[in-house]
Amino acid sequence: MEYSPPPLFKQGAPARVKVTVFAFISIALLMMDARLHMLATLRQGAATVLYPLQMAALLPRDALANMGNYFSTVSVLQKKVRELESQQAIAARSMQQAQLQMAENVQLRKLMGAREHLPVKSMMSEILYEARDPSTRKVVLDRGLRQGVALGLPVIDNAGVVGQVTRVFPFTAEVTLLTDKEQAIPVQVLRNGLRSVAYGRGQSGLLDLRFMAPNADILVGDVLITSGMDGVYPAGLAVAKVVQVESSATGAFGRVVCQPLAGIDRNRQLLILMSAPDVLPRPAEEPPKALGKKHGLPKMAPLNLPKLAPPVTANAPAKPAAAAPAPVANQGAAR
């Protein structure tokens, strides 16, 4: 009995023949594609059909690459964010310093302009800090005895009066602000020249005009200036602006509330007036009038009164009456 392999294991043409045939077919197709471009359409169709399969095959590679890029990108971005934040902080600080310097320059220019119009010598100063006592309104300046600062000198800014030097140390000076309860300044209304005295109100930062008549000519918006009558502040410096006027219906004194014009709580550079304004001396007091003999009064002469005759009693003998003297006129006539 003859043995034959099953159909699955049956072999066709030899392998060499197959290689040779397929090689000729490939060469023919290459020549046709190179010369006639007949396979371009077929190639495009095959690329279109195989594109999803190519993308699916590339997904694992792309996922790994994208994951690495993601983490590296996040770290780079975080580093850049930190750098930008530090640069922003530096830029913000520089901008704040620039703004502060601009504000100080503006304030200094205003002070220099006000300094040129002052009738007395002045010195620039800067506020170091506020006084420790919260119940008072005081600041400490960076000028003292070494720079010629003395007690009682007025302190101003470009807008008006700030206060007065009340304590002096070798390198610093303490200034009591105009709004302190212990401070008072003679003022007058710029509009009509009405004189009064402004008193500080403490922490409220306002001033009071006390003991004003109910019919006093003061209106809201009036500007108060120094009158110069105290011999401390030069006349004509701006002090405050009237913000409230209250009249009493009972005829008592009215109440006037004023807002200081100076930048008491804002400005840091101030001017110290180094000399008091020229004030005429007070006239000499008249000597008291002399009283009594020791002070040159006219001497009092005694009065010549006629002597009275003693009273006549019953036991005493009566004395003869003396003859009356002859009248002077008759004596002259007899001569």
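Residues numbered from 1 in each chain as written. Predicted model: local features only at pLDDT ≥ 70, side-chain atom pairs only at ≥ 80, totals over all residues. Heavy atoms only, no water.

An unreviewed UniProt entry lists the protein chain under the name Cell shape-determining protein MreC, with Massilia psychrophila as the source organism. Of the protein chain, the UniProt comment under Function (unreviewed entry) reads exactly: "Involved in formation and maintenance of cell shape." (UniProt positions renumbered as here; feature names shortened; annotations may be inferred.)

Pairing between side chains of opposite charge can happen when the charged atoms of each approach one another. By the definition in use, this model includes eight salt bridges. A salt bridge links R201 to D208, with the shortest nitrogen-to-oxygen separation between them at 3.4 Å. Classification of R201 by relative accessible area gives partly exposed; the value is 26%. (Salt bridge = Lys/Arg side-chain N within 4 Å of Asp/Glu carboxyl O. Buried < 20%, exposed > 50% of the residue type's maximum accessible area, 1.4 Å probe, protein only.)

In terms of nonpolar packing, the biggest core is built from 23 residues, with V161, I185, L209, V239 and C258 touching the most fellow members. Counting 18 residues, the second-largest nonpolar core is a separate cluster that includes V139, L141, L270 and M274. (Core = buried A, V, L, I, M, F, W, Y, C linked by side-chain atoms within 4.5 Å.)

All right, on to the sheet that holds strand β11 (residues 254-260) then. Hydrogen bonding along the main chain pairs the strands of a sheet, whether they run parallel or antiparallel. Here we have six strands rolled up into a closed barrel, ordered β6-β7-β8-β11-β10-β9, and antiparallel in their pairing. The sheet shows a mean angle of 40 degrees between the axes of neighbouring strands, taken without regard to direction. (Pairing = 2+ DSSP bridges. Helix = DSSP H or I, 4+ residues; strand = E, 2+ residues; numbered from the N terminus. Axes fitted to C-alpha atoms, helices over the stretch in contact; angles between N-to-C directions.)

What follows covers the side chain of D180. Among the structural elements, D180 can be located in the loop between β5 (173-177) and β6 (184-189). One buried charged side chain, D180, makes no salt bridge at all; its nearest oppositely charged neighbour is K138, positioned 6.1 Å away. Polar side-chain contacts of D180 include one of 2.9 Å to the backbone nitrogen of E182. Contact partners of D180, with chain neighbours within four places excluded, come to T136, R137, G200 and G202. (Lys, Arg positive; Asp, Glu negative; His and termini not counted. Polar contact = N/O pair within 3.5 Å; in protein donor to acceptor, adjacent residues only side chain to side chain. Contact = heavy atoms within 4.5 Å.)

Once that is clear, we can look at the environment of R191. Turning to its location among the elements, R191 is positioned in the loop between β6 and β7 (195-200). For R191, a relative accessible area of 42% puts it in the partly exposed group. Separated by 26 residues in the primary sequence, R191 and D217 have C-alpha atoms spaced 9.5 Å apart. When residues no more than four places from it in sequence are discounted, the contact partners of R191 are D217, I218, L219 and D222.

Examined against the element boundaries, E174 turns out to sit in strand β5. Other than its neighbours up to four places away in sequence, E174 contacts A131, K138, V139, Q164, V165, T166 and R167.

Among the structural elements, K181 can be located in the loop between β5 and β6. Accessibility expressed as a relative area gives 60% for K181, which makes it exposed. Linking K181 and G200, residues 19 residues apart in sequence, is a C-alpha distance of 4.7 Å. Not counting residues within four places of it along the chain, the set of residues in contact with K181 comprises G200, R201 and G202.

Let us look at the sheet that holds β5. Pairing within the closed barrel is antiparallel, and its six strands lie in the order β1-β2-β5-β4-β3-β12. Averaged over all pairs of adjacent strands, the angle between strand axes in this sheet comes to 45 degrees, irrespective of strand direction. Pairing analysis gives two bridges linking strand β3 (residues 154-156) to strand β12 (residues 269-273), with the strands arranged antiparallel. When the bridges of β12 are listed, I156 appears paired with L271.

The next thing to look at is the packing of aromatic side chains. On inspection of all chains with the given rule, the structure shows zero aromatic pairs. Taking the ring centre of Y199 as reference, the NZ or CZ of R210 above it sits at 4.3 Å. (Phe/Tyr/Trp six-rings, centres within 6.5 Å; stacked < 30°, edge-to-face > 60°. Lys NZ or Arg CZ within 6 Å of the ring centre and 35° of its normal.)

To continue, consider the pairing of β11. By the criterion of burial, β11 is predominantly enclosed, with five of the seven residues buried. Of the pairings in the sheet, the one linking strand β8 (residues 207-212) to β11 comprises four bridges and is antiparallel in character. Residue L209 lies in a different strand from β11, and its bridge partner there is V256. With six bridges connecting them, strand β10 (residues 238-246) and β11 associate as antiparallel partners.

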